[in-house]
Amino acid sequence: SFLVTTALVSTLAFGSSVSAETSQTSNWTIEDASQIERTKDTTAPYIEPDFEKMAPELHVWDTWPLRNKDGSVAKVNGYYVIFSLTAPSDLLPGKRHDVATIRYFYSKDGKSWKLGGEAFDPTGAYGSRQWAGSAMIEDGELNLFYTATGRKGEEGVTYEQRLALAKGEVNASSEGISFENFDHSIILEPEGEHYQTEEQAAQGDIGYTFRDPWFFEDPKTGKDYILFEGNSAGTPAERTLDTNYIGSRSFQKDFSFTDEGFAKLFNGAIGIAEATNDSYTEYEALPPILEANYVNQELERPHIVTKGNQYYLFTNTHEHKFGPDLDAPDGLYGFSSDELTSGYEPLNDSGLVLANPEEHAYQSYSWMVLPNGKVISFYNFHDLDGKNISDLGGTTPEYQMSHFGGTLAPTIKLAIQNDKTKVIKDGHPGKIK
Ligand code: FRU
């Protein structure tokens, strides 16, 4: 009887610790994602290619507004501020990620943006270049979260990604806004237990990500977090198929992988870490809030908008980041739950919130939903000649230069009701109000 009891106790203990772990991470399943299909409510309007660039001397892509700690868009001395990844516009668009620099723009009306300059001097920052993040102002101090990509002084371009924070002073006058006296720190690196390290990914995976820190104060608990793009931990050899990745029992019965070994390499995750000090420089990594194992490789720029009792979690991904059993467009995808770290269900059943029109499938990217339901993004590829191609990489330099937008796209207004969303209308490029 002693033996029976211990066996029972250990089974219970094992059972409960496993369920605590699995109940925390929601799955975006193959069943969910196989329902992805453009509808009227999830398709963005076509963008006429008669736009004016917001900064003709720059390519502008991933953009985020300066927010208050509670997530609302901030106004400093009468000015709104946005931060954008930028590169000189005479550079081949495909090369821009290798030299990305964070610049800021400011505006009184929240739609006509004036270039302020570099957010900080990149020589004092971490990384050989800086990728996307988020920005929060508290008591007059700027907290600019960014991705430190590669290492200072590296010879060739490398892709290590670490989450970083630059704290700076804000100077606001009738002349505009500027920032100074930055202090940089690395705030989080993958540890290989919840989030994949570069080294684990190098053992047979198709890539690795650890980027796009996005600050979030939970209105229900007042606790502070960062969300980020990551990958489920471990090497491909260590990874096993959990049937929950596939979907419901009835879906599982009829499903078979076209290439399970390849599908296994898709392990996108939305990470979360809780701040453990008041200056936002230290965090404890928690299990991912969402994983897309066997489904998708890159869940980019995750962010949350709250409405009523619900958390709305949004992320961006590309057509070519879906696994071999799925066919889905570049788009903004979303999930909702009444708890921050568990229970996420895809919006609109499949997760698709916003895609480009099918005939212009790559016209914009890197959507970000603001608390007022406005969605900003950048104008990516335009197809003046009717060609609808996903990658400018293989084209001539002239073609690349003449087909990259590199400026903010028309803002889209989204209606969100329970677990459904709807594109309502589009408006002025880069309008955040
Ligand atoms: C999305 C993205 C981000 C990254 C940036 C690099 O467009 O891939 O995840 O921070 O671009 O340019």
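The notes below deal with the structure included here. (Residues numbered from 1 in each chain as written. Predicted model: local features only at pLDDT ≥ 70, side-chain atom pairs only at ≥ 80, totals over all residues. Heavy atoms only, no water.)

## A short note on the site of the ligand
In the vicinity of the ligand, the residues found are Trp 61, Asp 62, Leu 85, His 97, Trp 131, Ala 132, Arg 211, Asp 212, Glu 229, Glu 300, Tyr 365 and Ser 366. Ala 132 has a polar backbone atom sitting 3.1 Å from an oxygen atom of the ligand. Contributions of two or more residues to the shell around the ligand are made by β2 (58–68), β6 (129–138), β10 (211–217) and β19 (364–369). Residue composition of the shell around the ligand, grouped by class: five nonpolar, two polar and five charged. (Near = heavy atom within 4 Å. Polar contact = N/O pair within 3.5 Å; in protein donor to acceptor, adjacent residues only side chain to side chain. Helix = DSSP H or I, 4+ residues; strand = E, 2+ residues; numbered from the N terminus. Nonpolar A, V, L, I, M, F, W, Y, C, P; charged D, E, K, R; others polar.)

## Observations concerning the sheet that holds strand β5 (residues 114–118)
The sheet built from eight strands is open, its strands ordered β5-β4-β3-β2-β6-β7-β8-β9 with mixed pairing. At either margin of the open sheet sits one strand with a lone partner, and together these are β5 and β9 (176–188). Averaged over all neighbouring strand pairs, the angle between strand axes comes to 30 degrees, with direction disregarded. In the sheet, β2 pairs with strand β3 (residues 80–88) via six bridges, with the strands oriented antiparallel. (Pairing = 2+ DSSP bridges. Axes fitted to C-alpha atoms, helices over the stretch in contact; angles between N-to-C directions.)

## Here's the deal with unusual backbone geometry
Of note in the backbone geometry, Asn 77 takes a positive phi value of approximately 50 degrees without being a glycine. For Asn 77, the location among the structural elements is in the loop between β2 and β3. Positive phi values are uncommon outside glycine, yet Asn 181 reaches one of about 55 degrees. Following the sequence through the fold, Asn 181 ends up in strand β9. For Asn 181, a relative accessible area of 54% puts it in the exposed group. (Buried < 20%, exposed > 50% of the residue type's maximum accessible area, 1.4 Å probe, protein only.)

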